[in-house]
2 protein chains.
Amino acid sequence: MTTTNRQIVLKSRPEGWPAPGNFEMREAPLPEIADGDVLVRALYMSLDPYMRSRIGTDRPPADRMPLDSPMEARVVGRVAASRHPDYREGDLVFGSLDWADYSVAVGAKNLRPLPDARYDGKPVPLAWHLGALGLPGMTAWIGVETATPVAGETLFVSAASGAVGQVVGQIAKIRGLRAVGSAGTDAKVDFLTNDLGFDAAFNYKTATPDILSALQGCAPDGVDIYFDNVGGVMLEAALDAANLRARIIACGMISQYNLARDETPGVRNLTHINRKRIRMQGIGVSDHDHRQDEFLTEMAGWLASGRVTYRVDVADGLENAPAAFVAMLRGENFGKQVVKIADEA
Amino acid sequence: MTTTNRQIVLKSRPEGWPAPGNFEMREAPLPEIADGDVLVRALYMSLDPYMRSRIGTDRPPADRMPLDSPMEARVVGRVAASRHPDYREGDLVFGSLDWADYSVAVGAKNLRPLPDARYDGKPVPLAWHLGALGLPGMTAWIGVETATPVAGETLFVSAASGAVGQVVGQIAKIRGLRAVGSAGTDAKVDFLTNDLGFDAAFNYKTATPDILSALQGCAPDGVDIYFDNVGGVMLEAALDAANLRARIIACGMISQYNLARDETPGVRNLTHINRKRIRMQGIGVSDHDHRQDEFLTEMAGWLASGRVTYRVDVADGLENAPAAFVAMLRGENFGKQVVKIADEA
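All of the points below concern the structure found in this document. The shown structure was predicted, so the numbers you read here are calculated from the model rather than taken from an experiment.

### Observations regarding the environment of A:Glu89
Residues and elements named next belong to chain A. Within the secondary structure layout, Glu-89 lies in the loop between β4 (72-82) and β5 (92-98). The class of Glu-89 is exposed, set by a relative accessible area of 64%. Separated by 51 residues in the primary sequence, Glu-89 and Val-38 have C-alpha atoms spaced 9.0 Å apart.

### Some words on the pattern of salt bridges
Within this structure, the stated rule accounts for 36 salt bridges over all chains. Taking the shortest distance from any N to any O, the salt bridge between A:Asp199 and A:Lys173 comes out at 2.7 Å. One end of the pair, A:Asp199, is in the loop between α4 (186-194) and β12 (200-203); the other, A:Lys173, is in helix α3 (residues 165-174), and 26 residues separate them in sequence. Among the ionic pairs, B:Asp343 bridges to B:Lys340, the shortest N-O distance being 2.9 Å. We classify B:Asp343 as exposed; its relative accessible area is 52%. Within this structure, A:Arg6, A:Arg41, A:Asp101 and A:Glu319 form a network of salt bridges that share partners.

### Examining the pairing of strand β14 (residues 242-250) of chain B
Residues and elements named next belong to chain B. Pairing of strand β13 (residues 223-228) with β14 involves five bridges; the strand directions are parallel. By the bridge assignment for β14, Val-223 is matched with Ala-242. Considered for its hand, the β-α-β crossover made up of β13, helix α6 (residues 232-241) and β14 is right-handed. By the bridge criterion, four bridges tie β14 to strand β15 (residues 279-282) in an arrangement that is parallel. If you follow Ile-248 over to β15, its bridge partner there is Met-280.

What counts and what doesn't
- Residues numbered from 1 in each chain as written.
- Chains lettered and ligands numbered in written order.
- Predicted model: local features only at pLDDT ≥ 70, side-chain atom pairs only at ≥ 80, totals over all residues.
- Heavy atoms only, no water.
- Helix = DSSP H or I, 4+ residues; strand = E, 2+ residues; numbered from the N terminus.
- Buried < 20%, exposed > 50% of the residue type's maximum accessible area, 1.4 Å probe, protein only.
- Salt bridge = Lys/Arg side-chain N within 4 Å of Asp/Glu carboxyl O.
- Pairing = 2+ DSSP bridges.
- Right-handed = clockwise from strand over helix to strand, strands pointing away.

Shown next, in the form of structure tokens:
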């Protein structure tokens, strides 16, 4: 084992679009661990849109990732050294750790063993533990439940080929809904309908004559549930297409994260919320930690039976994490964005 | 009894602000009534912001009030003639009827007797049956319930001296909440705190340096429930001031009703809904008709005990209804806007 560690720290807070230069790689000695701690060798690391709001200035200072400290991420890794009775060297684990080759899980906090999960007769790819079986999958699962779906209704999800969206659409089908998705390339749209079983999908960047028309074409009976990952003009179209008593799950608004407040056009048709008696609900998966085992059991069952599949987009190498993060915010990823940090062996 | 009837009909659909010229008074013969019908002499008529959306072009044609037909309103009146076994000449009734001196309630549909209700030892003023005991009061009652209030929380209501708002604030106090209101004149603000028991209130037109600061000054612990009657910039401020897991009741958005969609600035901070896990819920009192008796019983109790009071703004004469309607949309009313059509005797 090496004696040095690589970490990526936040060097400056972006205004507007972040750039790789907001981050910096640094080397540090491999830390000693104390009694109760676990040293984890990262294998895969998750990049998530919510991180954007933690590195900027729009949240209260206490909610920001600190400067000159390693960025945080969900990581799948292997125990490199353990002084905790529940973990042994070589164990595969999931944790909230650093953007780094190695992290210390002090007191094994925020660490858990990887659940058993199989797909197509084999253990699922490790990166899926950051996706379908990770926070994105659980966010989708909680969000669809929060929408109180009724079989036969139409669910529309934006960023539908992304980390959360692909699970939302597949759960929608399992729940007997019509699943409609939007994405930003024709290849993604084909993936939704051909590989994930969406009933219809459209490319919002080439929608003709506009997004609303494309959405209405895909959802001829209107939208009963809108699972919002993007906000902005897509939310506005969904409000227009929404049926009476529609539910909107406010999961994320990635289209807004890199705009100053006075740069956003604003959503101008919120009167629909009143007139159509819409319920719009913000969700945060961390409110539902106590249901993680229930989620993992159900999702593992869906994966084992092939009812849910998952696509990841793998950036290779810790050093490429900042560029991959920025590209993800621009929608250039195809599937859930992860960074491969080391080989599994 | 006269043999002619006066009615106000919709002559043209406003774009932007309506004007009295969108309406026209016409005379018609007093109608004959058939078996099962009731002829009602209107005494007071309710003017409500929602009517704006029914006379314009932004709703589907089926939801619009028709041209050249009498406008509809909630009316308190006296039975002038009855061929229905449940109603006798002279009875006081509440109904959905015409902007007119006389209306026929065909089959006594949408008609009900006035409930017994007393205030300060006397029967409540008749106009209160269009306010505290009418749809505005029931809207407030349903809306506060929908917000799932917890004693000690802060509720903020806009248009707080209006038809719905004054009841919202008083129910908030009954439920053990801190009640904060906004209104558009200093006299209204004084009324909220001096007469209705609001804990704090502000004049949004003179708020210094801005609405958000004024709101935060009145709600130092943040906003747990925002009862939205106006939308637009007030909704934006409420989202900024909202606490984690706040609830927003979308009751109305009067600031938006007279603007074309591309004239509204849009709401630019909806990311708060996700980040703060806010629930925003549109309500419509017509979804809750089956709970009317329960509402009337509770509200009559509050009025009888003096825990709720109510202010009406009376325009005198059917012929003045169009001007009063437009003035109400501009916020020139002080209290719930009604039109007195005839003396009670």
